[in-house]
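What follows is the residue order along each chain.
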Amino acid sequence: MTLPEQHFRETEKLLRAIDKDKAAKWLLNEGYYPEQYVLPPSFSVDTFELQATPYNKVLKDLARRQLINISYPKTLLTSRVFGIQHPWNYHDIVFYLMQEWTMILDHLFHNNLKIFSYSLPIPVNARNVGELSPLRSGRMIYEWIAMAEKDLVGEAHDYNLIIRTDITNFYNSVYTHSIGWALHDREPAIADKEYKLLGNKIDRLIQYANDGRTNGIPVGPALSDLIAEIILSKIDKEVSQKLKEVKFVATRFKDDYRILCNSEKDAISILKVLSEELEKYNLLINETKTKVLKLPEGLYRQHDREYLTHSLKELNSISFKKFEHTLLIALNIHRNYPGTSLIEKFLSELFDSEHELKIVFSEHTKTRKSQLLKTVSLLFLLQRESEKVLCYVLSVIEAIYIMHGQQHSLKPYLKEVIEREINRASEKESVFELAWLVFFSRYIKLGITDFSGLIKSEKNKANLFLKSTLSSQQKIFNDSHITLFRKPKDKTEISLAKELAVFSRDNK
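Notes on the structure follow. From a predicted model like this one, the values you see are computed outputs, not experimental measurements. (Residues numbered from 1 in each chain as written. Predicted model: local features only at pLDDT ≥ 70, side-chain atom pairs only at ≥ 80, totals over all residues. Heavy atoms only, no water.)

## A look at the overall build of the protein
Threshold: Under the scheme used here, helices are H or I runs from DSSP no shorter than 4 residues and strands are E runs no shorter than 2 residues, and both carry numbers assigned from the N terminus. As defined in this context, the radius of gyration uses C-alpha atoms, and a globule is described by 2.2 Å times the residue total to the power 0.38. The cut-offs for exposure are 20% and 50% of the maximum accessible area for each residue type, with area from a 1.4 Å probe on protein chains only; residues under the lower value are buried, those over the upper are exposed, and the others partly exposed.
When you go through the protein residue by residue, the secondary structure sums to 22 helices and 9 strands. For a compact globule of 508 residues, the expected C-alpha radius of gyration is about 23 Å, and the protein comes in at 24 Å, within 12% of that figure. On the principal axes, the C-alpha backbone points of the protein span a range of 70 × 55 × 45 Å. The buried share of the protein, taken over its 508 residues, is 59%.

What follows is the structure in structure tokens.
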């Protein structure tokens, strides 16, 4: 048994050991919102219960509801858009999944596979069998990919080439009818006009959470990741069966593939079959990102290799000069390899396993204050290179404020900095940044009161996530009567670093 298969079967064993009620509770509460960096901790759920019956009683006559979206820029012209669906639709999908949970597990963990997933969204716990991990899998993307790569390295001695490829615009390209095709095959799913089949129930509920659209599933919620696994598991099975005579082994993290094989002929065969099976589900291989490389090239991510000798992970303490120097190195590597998670990795390495900041500032009072101000400034400059790291930047600033804020009278300085950042985010019309900055100012009680004067754009103010944060009241899906928001002052019992699980777990 290969290392990827061992990982896959261990995941299966751990997931089958979890009571389905625990899985349902996790999906409803921890999995409802996207990964923790997307929305401030005020957007949290802990009383979302699985009901005895679905909220939507008649699937043929569903209300047409809208997703609520929030986004940050990926490039100058494109954004990553996260979508939150109405809790009633979300609940009912979980409800129907739990009714046929054993069938779902059998589907996800096919036999005779050659492609093994590393992206199960439900966080199993190898140290406590039968329990779920407190951590969201999505928060460890670079670590799961690293695990898959290390397992491939262990098998690479038996192969000559590696294929790297992914699926173009995957979540937005998913055809909702294909959920039924994946679970029940195409013809039976098409013939089911009464929505008796599980896949068609899910299809219908997702459609009507998104204005009746059949293209795309919401990006972010764990339930979307589970649905993605349902579709891609079927494709993995078909590819594996059609290529059972070809020697290869592959890992998949969501829509990202790494495949070991022995010849260009085999590589072409694998890519051809994978492309054909994806097309059956209206999905396309990303040709611009598809590469066939001679081993050992391609086994390791180049940006990780360049950063490795500068990594702060093993250090128990980090001097300010070391922090400053490594930040600049991480920034340069990020600019050479945009789109990676390197900046998140660097920021995570600033904390230890107890979520305590490892940076040690000067013993001299005047020098220490200068270093503290420089740190805040450098962190915001770093965040401009990758907007999605804002929450990690704020977690470092919170730790600095708790440790040194009173002694060095940092509150007026931080208030000025946050006001400036709010102004800048408003000019960019970045609701993502505004929601975090408004939350943070209230979370550590900076005393900013005139947010309406800082946020000029009415378009910004109309966003329901920002309206909730500005008013400290839930403004999303109030008709559901489910609590989806907490006031910032009610979230101060846990530090941001702990809330976000900011700590590098590579090799742990």
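Text resumes after the structure shown.
## Some points on the sheet that holds strand β6 (residues 256-261)
Keep this limit in mind: A pair of strands counts as paired when DSSP detects no fewer than two bridges linking them. Note on definitions: angles span 0 to 180 degrees between N-to-C directions of axes, and those axes are lines fitted to C-alpha atoms, for helices only across the stretch in contact. The contact definition used throughout considers only heavy atoms, calling two residues in contact when any of these lie within 4.5 Å.
Read across the open sheet, the 5 strands follow the order β3-β5-β6-β4-β7; overall the sheet is mixed. A single partner strand is all that each edge strand has here, and the edge strands are β3 (115-117) and β7 (291-294). Strand-to-strand twist of the sheet, defined as the mean angle between neighbouring strand axes without regard to direction, takes the value 20 degrees. With 3 bridges joining them, β3 and strand β5 (residues 249-253) adopt parallel strand pairing. Pairing of I115 across the sheet is with A250, part of β5. Here helix α1 (residues 3-16) sits on the sheet and contacts β3 and β5; the angle it forms with β3, its principal contact strand, is near 45 degrees. Packed onto the sheet, helix α11 (residues 264-279) meets β4 (161-166), β6 and β7 and runs at close to 20 degrees relative to β4.

## Digging into helix α2 (residues 20-29)
Quick reminder of the rule: We define a polar contact as two N or O atoms separated by no more than 3.5 Å, with the added condition that, inside protein, one atom must be a possible hydrogen donor and the other a possible acceptor, whereas residues neighbouring each other in sequence contribute only through side-chain atom pairs.
When we look at burial in α2, the residues that qualify are A23, A24, W26, L27, L28 and N29. Of the surrounding secondary structure, the elements contacted by the buried residues of α2 are α3 (87-99), α4 (101-108) and α10 (222-242). Measuring from the backbone nitrogen of D21 back to the side-chain oxygen at the start of α2 gives 2.8 Å, which picks out D19 as the cap.

## A word on the pattern of salt bridges
What counts here: Salt bridge, as used here: a side-chain nitrogen of Lys or Arg that lies within 4 Å of a carboxyl oxygen of Asp or Glu.
Evaluation of the coordinates by the stated rule reveals 34 salt bridges. Where R16 meets D106, a salt bridge forms, and the shortest distance between an N and an O atom there is 2.8 Å. Placement of the pair is R16 in helix α1 and D106 in helix α4, with a sequence separation of 90 residues. The network of salt bridges with shared partners includes R384, E387, E421, R424, K428 and E433.

## As for the packing of aromatic side chains
In this description, a pair of aromatic rings is defined by centroid distance and the angle of the planes. Note the following rule: When two rings of Phe, Tyr or Trp (its six-membered ring) have centres within 6.5 Å they constitute a pair, described as stacked for plane angles under 30 degrees, edge-to-face for angles over 60, and tilted for the intermediate range. Look at NZ for Lys and CZ for Arg. If either is within 6 Å of the ring centre and within 35 degrees of the ring normal, a charge sits over the ring.
Under the definition given, this model contains 22 aromatic pairs. We note R186 situated over the ring of W181; from NZ or CZ to the ring centre the distance is 4.1 Å.

## Section: the packing of α4 against α10
As a reminder, the rule being used: Under this scheme an angle from 65 to 115 degrees is roughly perpendicular, one under 35 degrees roughly parallel, and one over 145 degrees roughly antiparallel; angles in between are oblique. Throughout this entry, Asp, Glu, Lys and Arg are counted as charged residues, while Ala, Val, Leu, Ile, Met, Phe, Trp, Tyr, Cys and Pro are counted as nonpolar. The remaining residues, Gly among them, count as polar.
Where α4 meets α10, the closest approach of the two axes is 9 Å, and the angle between their N-to-C directions is 50 degrees. Classified by the angle between their axes, α4 and α10 sit oblique to one another. Contacts between α4 and α10 involve W101, I104, H107 and L108 from the former and L226, E229, I230, S233 and K234 from the latter. Residue composition of the contact of α4 with α10, by class: 5 nonpolar, 2 polar and 2 charged.

Fair warning: the whole summary comes from geometry, so function is off the table for now.
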